Amino acid sequence: MTARTALSKELADRQSFRLDVEKWAAFKAALETPARDLPRLKRLLSEPSIFSVGDPA
């Protein structure tokens, strides 16, 4: 098992995370940052999906 896999399993089981004041402030600032415009992602998501071929449900 790789370290990344082990960490993923460990974090998946957590229900709460404790942050000190500085890290909490940085986290809140990141949440308040406006979303970036991602034109390539927008274009990708506007293309028809391979799963929606045929009549729409």
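Residues numbered from 1 in each chain as written. Predicted model: local features only at pLDDT ≥ 70, side-chain atom pairs only at ≥ 80, totals over all residues. Heavy atoms only, no water.

## Thoughts on the overall build of the chain
Formally: We count a stretch as a helix when DSSP gives it H or I for four or more residues in a row; a strand needs E for two or more, and each element gets its number in order from the N terminus. The globule rule is 2.2 Å times the number of residues to the power 0.38, and the radius of gyration it is compared with is taken over C-alpha atoms. Type-normalised accessible area, obtained with a 1.4 Å probe on protein chains alone, sets the label of each residue: buried when under 20%, exposed when over 50%, and partly exposed for intermediate values. Note on areas: Shrake-Rupley, 1.4 Å probe, and residue coverage restricted to the protein chains presented here. The convention is simple: Lys and Arg are positive, Asp and Glu are negative, and His and the chain ends are not counted. Charge positions come from single atoms, namely NZ of Lys, CZ of Arg, CG of Asp or CD of Glu.
Helices and strands together make up the secondary structure of the chain, namely three helices and zero strands. Reading the chain from its N end, one meets helices and strands in the order α-α-α. A compact globule built from 57 residues would reach a C-alpha radius of gyration of about 10 Å, whereas the chain, at 19 Å, exceeds it by more than 25%. Dimensions of the chain, computed from the C-alpha atoms along their principal axes, are close to 50 × 35 × 25 Å. In the chain, buried positions account for 0% of the 57 residues. Accessible surface computed for the chain: about 6,200 Å², of which carbon and sulfur atoms make up 59%. Taking the 10 positively charged and 8 negatively charged side chains of the chain as two groups, their mean positions are separated by 4 Å.

## Quick look at the pattern of salt bridges
To be explicit about the condition: Salt bridge, as used here, is a side-chain nitrogen of Lys or Arg placed within 4 Å of a carboxyl oxygen of Asp or Glu.
Following the criterion strictly, the structure yields one salt bridge and no others. When the shortest N-O distance is used, the salt bridge between Lys42 and Asp37 registers 3.6 Å. Both residues of the pair, Lys42 and Asp37, count as exposed.

## Observations concerning the packing of aromatic side chains
So the rule is basically this: Only rings of Phe, Tyr and Trp enter the pairing, Trp through its six-membered ring, and a pair is recorded when the two centres are within 6.5 Å. The plane angle decides the type: under 30 degrees is stacked, over 60 is edge-to-face, the rest tilted.
By the definition in use, this model includes one aromatic pair. Both rings, one in Trp24 and one in Phe27, keep their centres 5.7 Å apart while their planes meet at 35 degrees; by these two values the pair is tilted. One end of the pair, Trp24, and the other, Phe27, are both in helix H2 (residues 21-32), three residues apart, so they sit about a helical turn from each other. Overall, Phe27 belongs to the partly exposed group, its relative accessible area being 39%.

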